[in-house]
Amino acid sequence: MPTRKIAKTKTKAKTKKAAPKKSATKAGGKTTAKKTKAAVKKNNPKGQYYYFFSVGKADGDSSMRDLLGGKGANLAEMCRAKIPVPPGFTISTDVCHLYYDNGMTVPQAVDADLEKYVKMVEKAAGKTFGDPADPLLFSVRSGSKFSMPGMMDTILNLGLNDEAVEGLARKTGNLRFALDNYRRFIAMFGNVVLGLDKDIFENVITKRKEDRRIKQDSSLQVNDLKEIVKKFKSIVKRKCGEPFPDDPYQQLRLARDAVFRSWNTPRAITYRRLNDIPSDLGTAVNIQMMVYGNMGNTSGTGVGFTRNPATGDKEFYGEYLINAQGEDVVAGVRTPQPIAQLKKEMPAAYKKLKDITTRLEKHYREIQDFEFTIQENELFMLQTRNGKRTVQAAIKIAVDMVKEKLITKVEALGRIEPAQIDQLLHPSIDPSTKYDVIAKGLPASPGAASGKVYFTAEDVVKQGPKKASILVREETNPDDIEGMNVAVGILTARGGMTSHAAVVARGMGKCCVSGADAARVNVKKKQFQVGKLVIKEGEVITLNGSTGEIIIGTVSTVEPELSGEFSEFMSWADEVKVLKVRTNADTPADAVKAIKFGAEGIGLCRTEHMFFAEDRIPIVQEMILADSIEEREMALAKLLSFQKKDFKAIFNAMEGFPVTIRTLDPPLHEFLPHKSDVEAKIEALDKKSDEYEEDLAHLSKVLRRIEELAETNPMLGHRGCRLGILYPEITEMQVKAIIMAACDLIKDKKKIFPEIMIPLVGHVNEFKHQKEVVERIARGVIGKSKSRQMEFMIGTMIEIPRAALTADEIAAEAEFFSFGTNDLTQMTMGFSRDDAGKFLGHYVESGILPHDPFVSIDQDGVGQLIKIGKEKGRAARRDLKIGICGEHGGDPASIAFCHEIGLDYVSCSPFRVPIARLAAAQAALRDKKTARKKK
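From a predicted model like this one, the values you see are computed outputs, not experimental measurements. (Residues numbered from 1 in each chain as written. Predicted model: local features only at pLDDT ≥ 70, side-chain atom pairs only at ≥ 80, totals over all residues. Heavy atoms only, no water.)

**Topic: the overall build of the protein**
Reasoning step 1: Helix and strand counts for the protein come out as 37 helices and 34 strands.
Reasoning step 2: Against the 2.2 N^0.38 benchmark of 30 Å for 935 residues, the protein shows a C-alpha radius of gyration of 33 Å, consistent with a compact globule.
Reasoning step 3: For the protein, the spread of C-alpha atoms along the principal axes amounts to about 105 × 75 × 60 Å.
Reasoning step 4: Put simply, the protein has 935 residues, and 56% of those count as buried.
Reasoning step 5: Long-range pairs, those at least 24 residues apart, make up 70% of the contacts in the protein between residues at least 6 apart in sequence.
Reasoning step 6: Accessible area for the protein stands at about 40600 Å²; split by element, carbon and sulfur atoms hold 50% of it.
Reasoning step 7: Of the charged side chains in the protein, 142 are positive and 123 negative, and the gap between their average positions amounts to 7 Å. (Helix = DSSP H or I, 4+ residues; strand = E, 2+ residues; numbered from the N terminus. Rg over C-alpha atoms; globule rule 2.2 N^0.38 Å. Buried < 20%, exposed > 50% of the residue type's maximum accessible area, 1.4 Å probe, protein only. Contact = heavy atoms within 4.5 Å. Areas by Shrake-Rupley, 256 points an atom, 1.4 Å probe, with all protein chains shown as cover. Lys, Arg positive; Asp, Glu negative; His and termini not counted. Charge placed at Lys NZ, Arg CZ, Asp CG, Glu CD.)

Next comes the structure, spelled out in structure tokens:
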């Protein structure tokens, strides 16, 4: 933080002219001129920028969070309810906008009213700001619309100077108390307002305590504090070139401006980005009379919650300190006492606090996080806000409050962010554990896992599932599937949120950190390096897939527990949602897991994942290397029994629900070994005897086929329906396996609903070709099995822009559409989903894009293609079933979009099914509210 010069003005700040700057409104980013003066005037026609509050009287209320911030709005509301709150006033967020619009200066006309509102507080307090005999002191705090705990700045004890300290000491009869407040004020002001490192001040205190051989700040005596104050002031003069300001109004204006500046500190910007808080909201400034918890053993301060924020239990929860200021509780300078102890130490204050906070919870109908100070046995409430809590606690509290008739089921459903539910379904880092983060990547798949690092899938498989291994790769490919399946976690240096590693890991429910470009992976040396730190094969790391953190060593984790409240809560979501929620599942285990989480069918079963099993990949390669249709069909015949067995198990797990199976999609070269590996084997065998001629001939054939299948851009090459058109026998085998499996189960009187999906269709004639193959083979199998009740559907995956634009032609032939939003995004935006991670983060941080389009649907571009495809498709076939099956199916914003445009279902990985269920319910509830407003 750069050191700031102390402003010369002692009363009114000068107005500086500056050209307004422009900046995109987005979550997180830096605020410049978000609102022009004209916009502020339009929103605030009366020109009121200050809002007074005192017990029984307030200019604002809890509905004014946009103007007053959450803290200011709640202070006003508490005053209206006659709760004991120290008097003060709030400077609105409009002034923050004007401050940035006016060259980082509050306009003179607005600044002029500051002293008027100070006088109102003086009248309510019975004290005068700047009075050396009995000074009124202020706390100056930030307050944005959304709670950002600890992210912005606070200054306490403002108004003190050498004269006021003497007056405060005489008035209270406690010189130590006055000096303690003064040293706190200088340090806080020096750090927050003047930009000095707080450690400079802390080092002075630490040295003094060491010299005196004491441990606690509370043990410092009057002479110690006098010396500390003297040294603090000397530091300010030396570092800033000017004495510490002693004019109270100068202090107040400088502090106000510092709070406005704190809206744009790196930590505040990061917090907004991580929590999707818009950067154009600005912060209010709350100026409030100081009350003191450090006036002796009849005073204290604390923080608390009306319920346990970790478990949700209905218990009074919090901590306090006797003879302390609020910062002491959170700073850990002294060990706080549990709030239950206050009942013994100050029973009257405790009873009043319990009564007030119970009233506040009933008023706000939400768990409250409160701050209080007791000054000489008199209780003051400094803040209340909706409490942040774990998702486990949030669900329990919501369910309990419905039963207590405080809120409705509809309100309860709105209390939980869908993405939070992820924390319930995976192991998580034990919050009480300290650990060392060495690097950070993308949080590609949530959960946490510790294990020994290995750099090839083969090495992970050798360790076996009983030994915890983490697969570390530059990037994964389909060949790594066995290793990924055995590993407890996956780390890649490259790739984005929808890379191969990310998608597969989410489907498996394994934690994954992708795109960790700080980790330089060296497979040959079997190590990765972060800076100078080298992690070698067999060494242990921990991955936090929920945050993207890479941690050295083993870190303890907490296993998820799904409570009865969770099931009850999710049943309420199912009662109101309109969208069906399916899952992307390729194995029976995934299907069973998804059913447990509430899936209503499979929206995408990727048949290629079945081919990578150790006992199947040689047969697949035999099929690829075939020199004739006959040879290819012989290999496919071997695969048929495997495929039938797979489909039968999946259908069985999903009995009664539809199962959408995609025919083979990836290019064939993905099933062959890497060219360099084959060349290395040929080179090694060349040096050996003639007995290896047969092996050499086979490897040479493999190498030729690799070269024949090589493509410059495989994602746009020979894949999807194009494979089935050139090699219809592949589609024939897969359809035969699907229908035979279904017929077998139908004979056992099971309800099976297969949906066969043709991928990568761009032209209706491609679909017609594959549809003919499907119908011909299916009719033949059904005829032989005599399964009269057998029904199936044929549809397509819409993932090429042309398919969306000609959806009416395709819908005349297809019975359902499933938008493959991963590829549709890639092709529409021209972004490689495996490579775009190199710049998409910068795009989002810079405001070029509002979010990563592979995480949340680009509604203005890709979304319009989906909308066009849906409208054209339904125009041609009214009963056309339409859903999405990309990873967007688990993103709440994308789910809301799918609901809005009228799709039938979304499909996502098993562990995101509960998220999708809640997001679908919230979208339906918003839709009903919108409809009511329109009426």
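Back to the write-up after that little detour.
**Concerning helix H9 (residues 222–240)**
Reasoning step 1: Under the 1.5 Å per step criterion, the end-to-end length of H9 is 27 Å for 19 residues, consistent within 8% with the ideal 27 Å.
Reasoning step 2: Residues Asp224, Leu225, Ile228, Val229, Phe232, Ile235, Val236 and Cys240 constitute the buried set of H9. With its buried residues spanning 135° around the axis, H9 presents them on a single face. Relative to its buried face, H9 has exposed residues pointing more than 90 degrees away, namely Asn223, Lys230, Lys237 and Arg238.
Reasoning step 3: On its buried face, H9 sits against helix H7 (175–192) and helix H8 (198–212).
Reasoning step 4: Downstream of H9 by a residue or two, Gly241 has a phi angle that is positive, lying close to 80°. (Expected span 1.5 Å × (residues − 1). Arc of directions from axis to C-beta.)

**Let's talk about the environment of Ile730**
Reasoning step 1: Within the fold, Ile730 resides in helix H29 (residues 728–747).
Reasoning step 2: C-alpha separation for the pair Ile730 and Cys79, spaced 651 residues apart in sequence, amounts to 74 Å.

**A short note on the pattern of salt bridges**
Reasoning step 1: Inspection of every chain in the model, using the stated rule, returns 54 salt bridges.
Reasoning step 2: The shortest N-O distance in the salt bridge between Lys314 and Glu404 comes to 3.6 Å. A residue pair is termed long-range when its members are at least 10 positions apart, and Lys314 in the loop between strand S9 (300–305) and strand S10 (317–322) and Glu404 in the loop between helix H15 (391–403) and helix H16 (409–413) qualify at 90 residues.
Reasoning step 3: Relative accessible area serves as the criterion here: at 59%, Lys314 is assigned to the exposed category.
Reasoning step 4: Its relative accessible area of 31% is what places Glu404 among the partly exposed residues.
Reasoning step 5: Between Lys881 and Glu755 there is a salt bridge, with its nearest N and O atoms 2.8 Å apart. Linking Lys881 in strand S33 (residues 881–884) with Glu755 in strand S30 (residues 753–758), this pair joins segments that are 126 residues apart in sequence. (Salt bridge = Lys/Arg side-chain N within 4 Å of Asp/Glu carboxyl O.)

**Looking at the sheet that holds strand S34 (residues 905–908)**
Reasoning step 1: Ordered in space as S27-S28-S29-S30-S31-S32-S33-S34, the eight strands form a closed barrel in which the pairing is parallel. Direction aside, the axes of adjacent strands within the sheet are offset by 25° on average.
Reasoning step 2: Examined bridge by bridge, S33 and S34 share two bridges and lie parallel to one another. Paired with Gly883 across the two strands is Tyr905, which belongs to S34.
Reasoning step 3: In the packing of helix H30 (residues 764–785) onto the sheet, contacts are made with S30 and strand S31 (793–798), and the angle to S31 comes to roughly 150°. (Pairing = 2+ DSSP bridges. Axes fitted to C-alpha atoms, helices over the stretch in contact; angles between N-to-C directions.)

**As for the packing of aromatic side chains**
Reasoning step 1: Within the structure shown, the criterion is met by 25 aromatic pairs.
Reasoning step 2: For the ring pair Tyr50 and Tyr117, a centre distance of 5.1 Å and an interplane angle of 15° mean the geometry is stacked. Here Tyr50 is found in strand S1 (residues 50–54), whereas its partner Tyr117 is found in helix H5 (residues 114–125), with 67 residues between them in sequence. Both residues of the pair, Tyr50 and Tyr117, count as buried.
Reasoning step 3: Relative to Tyr843, the ring of Phe839 has its centre 5.2 Å away and its plane inclined at 55°; by these criteria the two rings are tilted. Residue Phe839 and its partner Tyr843 are located together in helix H34 (residues 837–845), separated by four residues, close to a single helical turn.
Reasoning step 4: Judged by relative accessible area, Phe839 falls into the partly exposed class, the value being 31%.
Reasoning step 5: Given a relative accessible area of 27%, Tyr843 falls into the partly exposed group.
Reasoning step 6: An aromatic cluster is present here, built from Phe316, Tyr350, Phe370 and Phe372 joined pairwise through their rings. (Phe/Tyr/Trp six-rings, centres within 6.5 Å; stacked < 30°, edge-to-face > 60°.)

**Brief notes about the environment of Lys747**
Reasoning step 1: Within the secondary structure, Lys747 is located in helix H29.
Reasoning step 2: Excluding anything up to four places from it in sequence, Lys747 contacts Ser785 and Ser787.

**Structural notes on helix H10 (residues 248–262)**
Reasoning step 1: Taking 1.5 Å as the rise per residue, H10 with 15 residues should run 21 Å; its terminal C-alpha atoms sit 21 Å apart, in good agreement.
Reasoning step 2: Within H10, 15 of the 15 residues are buried, which leaves the element mostly enclosed by the surrounding structure.
Reasoning step 3: Measuring from the side-chain oxygen of the N-cap residue of H10 to the backbone nitrogen of Tyr249 gives 3.0 Å; that N-cap residue is Asp247. (Polar contact = N/O pair within 3.5 Å; in protein donor to acceptor, adjacent residues only side chain to side chain.)

**Structural notes on the sheet that holds strand S23 (residues 533–536)**
Reasoning step 1: Taken together, three strands build an open sheet; the order of strands is S21-S22-S23 and the sheet is antiparallel. The open sheet has two edge strands with one neighbour each: strand S21 (520–522) and S23. Averaged over all neighbouring strand pairs, the angle between strand axes comes to 20°, with direction disregarded.
Reasoning step 2: Of the pairings in the sheet, the one linking strand S22 (residues 527–530) to S23 comprises four bridges and is antiparallel in character. Its bridge partner lying in S23, Val530 is registered against Leu533.

**Regarding the pairing of strand S32 (residues 816–819)**
Reasoning step 1: Of the two faces of S32, the one holding Phe816 and Ser818 and the one holding Phe817 and Phe819 are both buried throughout.
Reasoning step 2: Pairing analysis gives three bridges linking S31 to S32, with the strands arranged parallel. Bridge pairing in S32 places Thr796 opposite Phe817.
Reasoning step 3: Relative to S33, S32 runs parallel, the two sharing four bridges. Bridging from a neighbouring strand, Phe816 pairs with Lys881 of S33.

**Focus on the nonpolar core**
Reasoning step 1: If you look at the biggest cluster of nonpolar residues, it comprises 142 residues, and the most contacted ones within it are Phe569, Phe651, Ile739, Phe817 and Ile866.
Reasoning step 2: With eleven residues, H29 is the single largest residue contributor to this core.
Reasoning step 3: What Phe817 contacts, discounting residues up to four positions off in sequence, is Thr796, Ile798, Ala807, Ile810, Ala811, Gly869, Gly873, Leu880, Lys881, Ile882, Gly883 and Tyr905. (Core = buried A, V, L, I, M, F, W, Y, C linked by side-chain atoms within 4.5 Å.)

**Structural notes on the state of the cysteines**
Reasoning step 1: Within the structure shown, the criterion is met by zero disulfides.
Reasoning step 2: Cys512 provides the cysteine sulfur closest to Cys511, a residue in no disulfide bond, and the two sulfurs are 7.6 Å apart.
Reasoning step 3: Classification of Cys511 by relative accessible area gives buried; the value is 3%. (Disulfide = S-S within 2.5 Å.)

Such coordinate-based values are descriptive only and should not be taken to indicate function.
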